[in-house]
Protein chains: 2
Amino acid sequence: MDGGPGRPTLRDVARLAGVSIATASKALNNQPQVRAETRAKVLRAAEQLSFSPNTLAQALITQRTGTVGLLTSDLEGRFSIPILMGAEDAFGTGRTSVFLCDARGDNVRERHHLNALLSRRVDGLIVVGARPDARPSLGRDLPVPVIYAYSPSEDPADLSLVTDNVGGGRLAVDHLIRHGRRRIAHITGDPTYGAAHDRARGALDRLAEEGLELAGGQVWFGSWSEAWGRGATRMLLERDPDIDAVFAGSDEIARGVLDVLHQEKLAIPRQVAVIGFDNWNILAANARPPLSTVDMNLEALGRLAAQRLFAAIDGTLGSGIETIGCRLITRESTAPLD
Amino acid sequence: MDGGPGRPTLRDVARLAGVSIATASKALNNQPQVRAETRAKVLRAAEQLSFSPNTLAQALITQRTGTVGLLTSDLEGRFSIPILMGAEDAFGTGRTSVFLCDARGDNVRERHHLNALLSRRVDGLIVVGARPDARPSLGRDLPVPVIYAYSPSEDPADLSLVTDNVGGGRLAVDHLIRHGRRRIAHITGDPTYGAAHDRARGALDRLAEEGLELAGGQVWFGSWSEAWGRGATRMLLERDPDIDAVFAGSDEIARGVLDVLHQEKLAIPRQVAVIGFDNWNILAANARPPLSTVDMNLEALGRLAAQRLFAAIDGTLGSGIETIGCRLITRESTAPLD
DNA sequence: TACGTTTTCGAAAACCTTTTCGGTCGGCTG
DNA sequence: CAGCCGACCGAAAAGGTTTTCGAAAACGTA
């Protein structure tokens, strides 16, 4: 009936419409060299067979698959997902599809996935890391453009898109200062993370501009956990009971801070304001009180990555590190001192 | 040098090895009809050109792309991700790649993605929904097998894989009972979710078997939020101050429960045990004390979906609803009464 | 040497589409 | 009527691979 057991092909459409394969193709692709009447015939036939063109064959000719690879190191990580969504979003509207590959932080698996993606002739790659520190480059002589998101590449010849952690730290402290806070402490996470130091630096810079010193006598490095937030807050209060604000390096830590402040019967935000980092909704929005925090704009980063890649696919790729600014989210855990 | 500007093709390999394209293909694919010496020559040539076969062309012939589509309705949703990871995991080892598509809960976008995936000639589809209630089928006459994960299809002719919420509720209450708790309350989420009722039913069933009644006089339905967990706990304590355990319908709710129990100076787990649902690590593991909870085995569900799909690709697909059991995670928020 | 058998290799078709280029047909001008 | 032009259509090549089938080579046997 339709020419065989498989899916209908352009040949079937052409036969049904009573034209040649070439004209059928032209009709479906809005080429000008076909009469309106003929085009209608073809379209009707295609509709009738519910024909959908074989993208593989198209790609074979046009040398463009309309696919990109998304190589993530850590899917469960909360940072890959928004980036991935942003990228999917930016592509989704067009005719590009995304191959998702999770390397699970394993180098050989990453290599394996990379080869598979190249075999599939993806038009480009986005590599999103698990943590904001630099990672090894995939190499300089890949046949497709590559964009590194979140984790920059170690090779400055690559193009990397990262969040502005220094600016984020500055943003948080600026917000506290504007609300009249003067005795601001900073509790943050794992000191092996560059991001922890960057955020701290931004915070200290802004304090210095105001002629303020960090309350608590130091930046409290530890781990990115609620438990550390609790522990550090206890130590902090012991050492310096008079703080009026805490900048936490992550929302998890902030939750720990809130917990201990409640235990100590300190009113939030009246006596102590708290601000977090990440805008991890489930933690921040549901906190008691809801947590002000710094959002890294990861979806925007993902979208930008997609756009840059898109531009690079026909054209040439830039290099270096491009920084995306953070955004302040104010909720009830910070408020002006009255 | 390598025969042109583009990537090396089989033709280039053949030329370099001094054989025909056909033999080159056979050599690379371990076909038996080629002399060992010739095969070595070809392999060396391929290596030298760092040749990787064009999967598109292969797919065109073999009528199998080695790709599957993962159609999710809600990427940011915490339930899609583990399933997605499980599926990626099960496929990743082989030679299948995954197209990720997020419909954002929008029907026309879903249709759009579906068409794109079919155009790309995916070998199969996994559809993962945003909530555990039934969703419309994609249709019966798709040219590839489809598996519904998490959200079952409304059409019983489709194959759906879901979590056993009744069993999960039973598991939670059973755990509490075994630890000597008798006055068990249940606070859960949005009553428009079938899962909320299923979990409650499992809980009530197990209580009935023991001749126990639900403490608090009712199942407390509300919303899947920490705030509701707090509010419900306050009402519950007012009505029935003597509870010795709370089964929360989600970890978020459980966090709210813990919060209020702490405020009321009730010792956990000595006076009141708390168990959650979801095993959402960031909430459960970091709670004070760490939260016992029920894990839905979503990665396993994803893996199973991949396996079922794989089996269906060559073979025929089953139908109906297949249920995956839950798993108890015990942490410190539950302990035997002494 | 003649012949049969096994092994090894290559030519060509097939997969499905796009695109170029040449051809047909109608109508128009001189 | 001859010639030309524009509009429309089809044959065929191309893209990279797999696979079938026939041909050639190598080998053993009579």
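Source: prediction; values computed, not measured.

The rules behind the values
Residues numbered from 1 in each chain as written. Chains lettered and ligands numbered in written order. Predicted model: local features only at pLDDT ≥ 70, side-chain atom pairs only at ≥ 80, totals over all residues. Heavy atoms only, no water. Near = heavy atom within 4 Å. Polar contact = N/O pair within 3.5 Å; in protein donor to acceptor, adjacent residues only side chain to side chain. Helix = DSSP H or I, 4+ residues; strand = E, 2+ residues; numbered from the N terminus. Nonpolar A, V, L, I, M, F, W, Y, C, P; charged D, E, K, R; others polar. Least-squares fit on C-alpha atoms with pLDDT ≥ 70 in both. Contact = heavy atoms within 4.5 Å. Pairing = 2+ DSSP bridges. Buried < 20%, exposed > 50% of the residue type's maximum accessible area, 1.4 Å probe, protein only. Phe/Tyr/Trp six-rings, centres within 6.5 Å; stacked < 30°, edge-to-face > 60°. Buried area = accessible area lost by both parts, 1.4 Å probe. Salt bridge = Lys/Arg side-chain N within 4 Å of Asp/Glu carboxyl O. Arc of directions from axis to C-beta. Core = buried A, V, L, I, M, F, W, Y, C linked by side-chain atoms within 4.5 Å.

(A) Seen up close, the protein's contact with DNA strand C. Taken together, 25 residues sit near DNA strand C, with Leu-10 and Ile-61 of chain A together with Thr-23, Lys-26 and Thr-38 of chain B positioned nearest. Here DNA strand C approaches the protein such that, of its atoms within 4 Å, sugar and phosphate make up 68%. A distance of 2.8 Å separates a phosphate oxygen of DNA strand C from a polar atom in the side chain of Ser-25 of chain A. Breaking the surface near DNA strand C down by element, the ones donating at least two residues are α2 (21–28) and α4 (55–62) of chain A together with α2 (21–28) and α4 (55–62) of chain B. Per element, the largest residue contribution to the surface near DNA strand C is four residues, and it comes from α2 of chain A. Considered class by class, the residues forming the surface near DNA strand C number twelve nonpolar, ten polar and three charged.

(B) Looking closely at the relation of the copies chain A and chain B. If you rotate chain A by 180° and push it 0.0 Å along the axis, it lands on chain B with an RMSD of 0.1 Å. When the rotation and shift are considered jointly, the pair of chain copies conforms to a two-fold rotation axis. Rotation axis and chain A: the residue whose C-alpha lies nearest the axis is Phe-99 of chain A, separated from it by 2.3 Å. Looking at the interface residues of chain A, 98% of them are also at the interface in chain B, so both copies use one shared face.

(C) Quick look at the sheet that holds strand β8 (residues 245–248) of chain B. Residue and element names in this part refer to chain B. The four strands are arranged β7-β6-β8-β9 in an open sheet whose pairing can be described as parallel. Of all the strands in the sheet, the pair left with one neighbour each is β7 (219–220) and β9 (273–275). Pairing between strand β6 (residues 184–187) and β7: two bridges, direction parallel. Each bridged residue has a counterpart across the sheet, and for His-186 the counterpart in β7 is Val-219.

(D) Quick look at the protein's contact with DNA strand D. Among the 25 residues in the neighbourhood of DNA strand D, the closest are listed as Thr-23, Lys-26 and Thr-38 of chain A together with Leu-10 and Ile-61 of chain B. A share of 63% is what sugar and phosphate atoms reach among the atoms of DNA strand D within 4 Å of the protein. Here a phosphate oxygen of DNA strand D sits 2.8 Å away from a polar atom, N or O, in the main chain of Ser-20 of chain A. Between DNA strand D and the protein, one listed contact pairs a phosphate oxygen with a side-chain N or O atom of Thr-38 of chain A at 2.4 Å. It is α2 of chain B that provides the largest number of residues to the surface near DNA strand D, a total of four residues. Grouping the amino acids of the surface near DNA strand D by side-chain chemistry returns 13 nonpolar, nine polar and three charged.

(E) Just unusual backbone geometry, in detail. Between Ile-268 of chain A and Pro-269 of chain A the backbone carries a cis peptide bond, its omega angle lying at 5°. Mapped onto the elements, Pro-269 of chain A comes out in the loop between α10 (251–263) and β9 (273–275). Of note in this structure, Lys-265 of chain A is not a glycine but carries a positive phi near 60°. Residue position: Lys-265 of chain A is located in the loop between α10 and β9. One non-glycine residue, Asn-30 of chain B, lies in positive phi territory at about 60°. Counting through the fold element by element, Asn-30 of chain B comes out in the loop between α2 and α3 (36–49). A relative accessible area of 61% places Asn-30 of chain B in the exposed class.

(F) Summary view of the packing of aromatic side chains. All names here are of chain A. Taken as a whole and judged by the stated rule, the model has nine aromatic pairs over all chains. For the pair Phe-91 and Phe-310, a centre-to-centre distance of 6.4 Å together with 50° between the ring planes defines the contact as tilted. Pair noted here: Phe-91 is in helix α5 (residues 80–92) and Phe-310 is in helix α12 (residues 298–313), with a separation of 219 residues, a long-range link. Judged by relative accessible area, Phe-310 falls into the partly exposed class, the value being 48%.

(G) Up close: the side chain of Thr-96 of chain A. Tracing the sequence through the fold places Thr-96 of chain A in the loop between α5 and β2 (97–102). The contact partners of Thr-96 of chain A, leaving out residues within four places of it in the chain, are Gly-66, Thr-67, Val-68, Phe-91 and Phe-310 of chain A together with Arg-120 of chain B.

(H) Representation of the side chain of Arg-135 of chain B within the structure. With respect to the helices and strands, the residue Arg-135 of chain B is situated in the loop between β3 (124–128) and β4 (146–149). On the basis of relative accessibility, which here comes to 9%, the residue Arg-135 of chain B falls in the buried class.

(I) Structural detail: the pairing of strand β2 (residues 97–102) of chain B. Burial of β2 of chain B is extensive: six of the six residues sit out of reach of the surface. Of the two faces of β2 of chain B, the one lined by Ser-97, Phe-99 and Cys-101 of chain B and the one lined by Val-98, Leu-100 and Asp-102 of chain B are each fully buried. Relative to β2 of chain B, β2 of chain A runs antiparallel, the two being bridged by three bridges. The residue of β2 of chain B that forms the bridge with Leu-100 of chain A is Val-98 of chain B.

(J) Representation of the interface of chain A and chain B. The interface is formed by 53 residues belonging to chain A together with 52 residues belonging to chain B. When the two sides are added together, the surface that chain A and chain B hide from each other amounts to roughly 4,800 Å², 49% of it contributed by carbon and sulfur. Here chain A is connected to chain B by eight salt bridges. Residue Glu-226 of chain A pairs with Arg-255 of chain B through a salt bridge whose shortest N-O separation is 2.4 Å.

(K) Quick peek at α4 of chain A. Those residues of α4 of chain A that sit buried are Thr-55, Leu-56 and Ala-59 of chain A. Down the axis of α4 of chain A, the buried side of the element spans an arc of 100°, and every buried residue falls inside it. For α4 of chain A, the secondary structure elements touched by its buried residues are α4 and α6 (107–119) of chain B. Just downstream of α4 of chain A, Gln-63 of chain A is the residue with a positive phi angle, here 60°.

(L) Looking closely at the nonpolar core. Ranked by size, the top nonpolar core spans 91 residues in total, and within it Ile-126 of chain A together with Ile-126 of chain B carry the most contacts. Tallying contributions element by element places α12 of chain A first for this core, with seven residues. Not counting residues up to four positions away in its chain, the partners in contact with Ile-126 of chain B are Gly-69, Leu-70, Leu-71, Ala-87, Phe-91, Ile-147, Ala-149, Ala-305, Ala-306 and Leu-309 of chain B. In this structure, Leu-118 and Leu-138 of chain A together with Leu-118 and Val-122 of chain B belong to the second largest nonpolar core, which totals 28 residues.

(M) The arrangement of the pattern of salt bridges in detail. Counting across every chain of the model gives 46 salt bridges over all chains. Linking Arg-78 of chain A and Glu-252 of chain A is a salt bridge whose minimum nitrogen-to-oxygen distance equals 3.2 Å. Taken together, the residues span a long stretch of sequence, with Arg-78 of chain A in the loop between β1 (67–72) and α5 and Glu-252 of chain A in helix α10 at a distance of 174 residues. Judged by its relative accessible area of 26%, Arg-78 of chain A is partly exposed. Overall, Glu-252 of chain A belongs to the buried group, its relative accessible area being 6%. The salt bridge partner of Arg-15 of chain B is Asp-12 of chain B, with a shortest N-O separation of 3.2 Å. Within this pair, Arg-15 of chain B and its partner Asp-12 of chain B are both found in helix α1 (residues 10–17), separated by three residues, close to a single helical turn. When its relative accessible area of 8% is taken as the criterion, Asp-12 of chain B is described as buried. By sharing partners, the salt bridges in this structure join Arg-170, Asp-174, Arg-178, Arg-206, Glu-209 and Glu-210 of chain A into a single network.

Shape is all these values report; function is a separate question.
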